[in-house]
Amino acid sequence: MDIYRHPTFDMACEQFDLVADFLELPTNDRDRVKYPKRALTVAVPVRMDSGEVRVFAGYRVQHHLSMGPTKGGMRFHQDVALGEVAALAMWMSWKCALAGLPYGGAKGGVACDPRTLSRNEVERVTRRFTQEIIPFIGPQIDIPAPDVGTNEQTMAWMMDTYSNHFGHAVPGVVTGKPVDLGGSLGRRESTGRGVAFLVGRALQTLGIKAEGSTAVVQGYGNVGAVAAHQMVRDGMKVIAVSDAEGGLHNAGGIDLIKLDAHVAKHRTVKGFTEAGPIGNDDLLLLKCDVLVPAALERVITESNAAKLQCRVLAEGANGPTTPAADAILSQCEDLFIIPDILCNAGGVIVSYFEWVQDLQSFFWSEAEVMDKLYRILDTAFVETLTLARQKHTPMRLAAMSLGIRRVAEAKRKRGLFP
Ligand code: NAD
């Protein structure tokens, strides 16, 4: 599977191999469970506002098809590559299985920097990309959702392009849509609120009061900003945040309402005057109760892992911690890790609710959505913690082994065709 060669894919495979050994998965089952089932690469030609035509690379990877359609985000970022998308699709499979959702994992993306594109250009990229992958997606095939660099508007354009092709509205083709188009109440906030809920469960487990605890958030985007607000509502103090442009630190706590007004105007946290500047690398090393990496992969590595000063590492992002860093962190008795496939599962859980509501054309209240979300997250948290304690394993190994075992079992029970 050399086509997927990429540091993030290598990382996902290394994690899988560790879990496969732990589960003593039969050799015959390993590659079948590990490698993505299928991948599509497309060229996305787009006329820019200047009249120039640029061609962007677009990808969609579906990891396994054994338990239902596939599900996963769509990323617009300049570094998007096939191997990265494949790793993210693998993690989605373990995440869905851990939460008990009837999906395989998927992921997609376009290698473009949306910050440098106009709104019209982003719309044309989205629509042309969607058009190119129409045979590969659908409510019973593969259901995209937002990820880094995409949002509700992107999903609305995807749904519109797909629906125009078929001649009728197909809301179930994407999740994370605006509520007016069949989106679910609570979906936009679900990942961040889920992160904050699990932070609360971790603090409770450690006997630390949320009230007055400090948090640091890398990546003040959809996941990071919502998690930050919810942690403040839960009585915590957010002392540092960042985005791709830079970070902010104020030991007394950052006023997030004022920060949001600044971000709305400047599209970055940088330049907010009520906190001092801090680099993204230094921010990770701040002393705090809770560190939430909520940006990109591989930011906690063997070079900074030993220097972390948090009690809880809540992985809002997918794949923020490398296996080499994990080996170092597993020696830190004081550190409680909420691994990514558990920590940020709130997004796909409410995406599942959105899909179910769309298929039934029957919509739920926000209270119903949140109540069901927290129940599923709580069950997954307790199952993971129980297994970690029983087997004396790190939380990541416990969470991944629950997910991978379920996928392996499903494949074993379906049998190998022909
Ligand atoms: P987003 O685009 O809304 O926000 C990403 C944030 O990270 C932005 O503020 C961006 O400026 C910042 N960022 C980018 N590069 C950075 C860098 N090098 N250093 C610091 N900050 C940087 O994306 P999002 O949807 O919030 O996704 C964030 C992470 O959460 C990703 O790993 C994504 O895969 C994961 N995730 C998202 C969802 C979801 O529902 N959106 C669900 C599960 C997991």
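Each chain carries its own residue numbering, running from 1 in the written order of its sequence. In keeping with the predicted nature of the model, local features appear solely for residues at pLDDT of at least 70, side-chain atom pairs appear and are counted solely at 80 or more, and the whole-chain, interface and lining totals rest on all residues. Remark: hydrogens and water are excluded; side-chain values derive from all non-hydrogen atoms of the structure.

Some details on the overall build of the protein
Moving on, step 1. The secondary structure content of the protein amounts to 14 helices and 12 strands.
Moving on, step 2. In terms of overall size, the protein behaves like a compact globule, its C-alpha atoms giving a radius of gyration of 20 Å where 418 residues would be expected to give roughly 22 Å.
Moving on, step 3. Principal-axis analysis of the C-alpha atoms gives the protein an extent of 55 × 55 × 45 Å.
Moving on, step 4. Categorising residues by exposure relies on relative accessible area from a 1.4 Å probe, with only protein chains included: less than 20% of the type maximum marks a residue as buried, more than 50% marks it as exposed, and the intermediate range marks it as partly exposed. Relative to its full complement of 418 residues, the protein shows a buried share of 57%.
Moving on, step 5. With the model as given, the accessible surface of the protein reaches about 17300 Å², and the carbon-plus-sulfur share is 52%.
Moving on, step 6. Only four residue types enter the tally: Lys and Arg on the positive side, Asp and Glu on the negative side; His and the chain ends are excluded. We put the charge of a Lys on NZ, of an Arg on CZ, of an Asp on CG and of a Glu on CD. With 45 positive and 47 negative side-chain charges, the protein shows a separation of 3 Å between the mean positions of the two kinds. The secondary structure listing takes helices from DSSP runs of H or I that are at least 4 residues long and strands from runs of E that are at least 2 residues long, numbered from the N terminus. We compute the radius of gyration from the C-alpha atoms alone; for a globule the expected value is 2.2 Å times N to the 0.38, where N is the number of residues. Using a 1.4 Å probe, accessible areas were evaluated by the Shrake-Rupley method; residue-level cover was limited to the displayed protein chains.

Considerations on the layout of surface pockets
Moving on, step 1. Of the grid points, spaced at 1 Å and generated over the protein atoms alone, those admitting a 1.4 Å probe that cannot get out make up cavities, while open sets with protein on both sides within 12 Å along at least five of seven lines make up pockets; any residue with an atom within 4 Å of a point is treated as lining. Grid points are joined across faces, edges and corners, and a volume is the space filled by probe spheres set on the points. The space that makes up the second largest pocket amounts to roughly 750 Å³.
Moving on, step 2. Forming the boundary of the second largest pocket are 26 residues, of which Ser330, Thr393, Pro394, Met395 and Arg396 lie nearest the centre.
Moving on, step 3. Among the elements of the structure, helix H1 (7–23), helix H6 (187–206), helix H10 (323–329), strand E12 (336–338), helix H13 (366–391) and helix H14 (395–414) are those that each provide at least two residues to the lining of the second largest pocket.
Moving on, step 4. Under this grouping Gly is polar, as are all residues other than the nonpolar Ala, Val, Leu, Ile, Met, Phe, Trp, Tyr, Cys and Pro and the charged Asp, Glu, Lys and Arg. Its residues assigned to classes, the lining of the second largest pocket comprises 17 nonpolar, 5 polar and 4 charged.
Moving on, step 5. Each of two domains, domain 1 (2–171) and domain 2 (188–338), supplies a minimum of three residues to the lining of the second largest pocket. Just so you know, the domain bounds were taken from an automatic or database domain assignment.

Describing the site of the ligand
Moving on, step 1. One heavy atom within 4 Å of a molecule or strand is enough for the residue carrying it to be called near that molecule or strand. Taken together, 23 residues form the shell around the ligand, and within it Asp147, Thr191, Asn222, Val223 and Asn318 come nearest.
Moving on, step 2. One of the backbone nitrogen or oxygen atoms of Asn222 is found 2.9 Å away from an oxygen atom of the ligand.
Moving on, step 3. Polar contacts here mean pairs of N or O atoms no more than 3.5 Å apart (in protein, one a potential hydrogen donor and the other a potential acceptor; neighbouring residues in sequence count only if both atoms are side-chain atoms). One of the backbone N or O atoms of Val223 is found 2.9 Å from an oxygen atom in the ligand.
Moving on, step 4. When the ligand is considered free in solution it has 820 Å² of accessible area, and contact with the protein chains removes 83% of it.
Moving on, step 5. Looking at the shell around the ligand, the elements with two or more residues in it are H6 and helix H7 (222–233).
Moving on, step 6. Two domains each put at least three residues into the shell around the ligand: domain 1 (2–171) and domain 2 (188–338).

Quick look at the environment of Gly182
Moving on, step 1. Within the secondary structure, Gly182 sits in the loop between helix H5 (152–166) and H6.
Moving on, step 2. By relative accessible area, Gly182 is classed as buried at 10%.
Moving on, step 3. C-alpha of Gly182 to C-alpha of Pro102: the two residues are 80 residues apart in sequence and 20 Å apart in space.
Moving on, step 4. Any two residues whose heavy atoms approach within 4.5 Å are treated as being in contact. Once residues lying within four places of it in the same chain are set aside, the contact partners of Gly182 are Lys177, Glu354, Asp358 and Phe363.

Considering the nonpolar core
Moving on, step 1. To qualify as a nonpolar core, a set must consist of buried Ala, Val, Leu, Ile, Met, Phe, Trp, Tyr and Cys residues joined through side-chain atoms within 4.5 Å. Counting residues in each nonpolar core, the largest one holds 90 residues, and the members touching the most others are Trp94, Val290 and Ile338.
Moving on, step 2. In terms of residue count, the dominant contributor to this core is helix H3 (residues 82–99) (14 residues).
Moving on, step 3. Taken domain by domain, this core gets at least three of its residues from each of domain 1 (2–171) and domain 2 (188–338).
Moving on, step 4. Within the second largest apolar cluster, 25 residues are counted, among which are Phe129, Met158, Met159 and Val173.

Here we look at the sheet that holds strand E1 (residues 38–47)
Moving on, step 1. Between any two strands, pairing holds if DSSP finds at least two bridges. Pairing is mixed across the open sheet formed by 5 strands, whose spatial order is E1-E2-E4-E3-E5. A single partner strand is all that each edge strand has here, and the edge strands are E1 and strand E5 (142–146). On average, each strand axis in the sheet is inclined to that of its neighbour by 25°, with strand direction left out of account.
Moving on, step 2. By the bridge criterion, 10 bridges tie E1 to strand E2 (residues 53–62) in an arrangement that is antiparallel. Directly across from Arg38, in E2, lies its bridge partner Gln62. Axes, fitted as lines to C-alpha atoms, cover a helix only where it is in contact. Angles between the N-to-C directions of the axes lie from 0 to 180 degrees.

Some details on the pattern of salt bridges
Moving on, step 1. Salt bridges are defined as contacts in which a side-chain nitrogen from Lys or Arg sits within 4 Å of a carboxyl oxygen from Asp or Glu. Evaluation of the coordinates by the stated rule reveals 29 salt bridges.
Moving on, step 2. The partner of Glu84 in a salt bridge is Arg75, and the shortest N-O contact between them spans 3.4 Å. The same class applies to Glu84 as to Arg75, namely buried.
Moving on, step 3. Between Glu123 and Arg127 there is a salt bridge, and its shortest N-O distance comes to 2.9 Å. Highlighted residues: Glu123 and Arg127, both in helix H4 (residues 119–133), separated by 4 residues, approximately one helical turn.
Moving on, step 4. Take Arg127: its relative accessible area is 25%, and that puts it in the partly exposed class.

Keep in mind that these numbers describe shape and distance, not what the molecule does.
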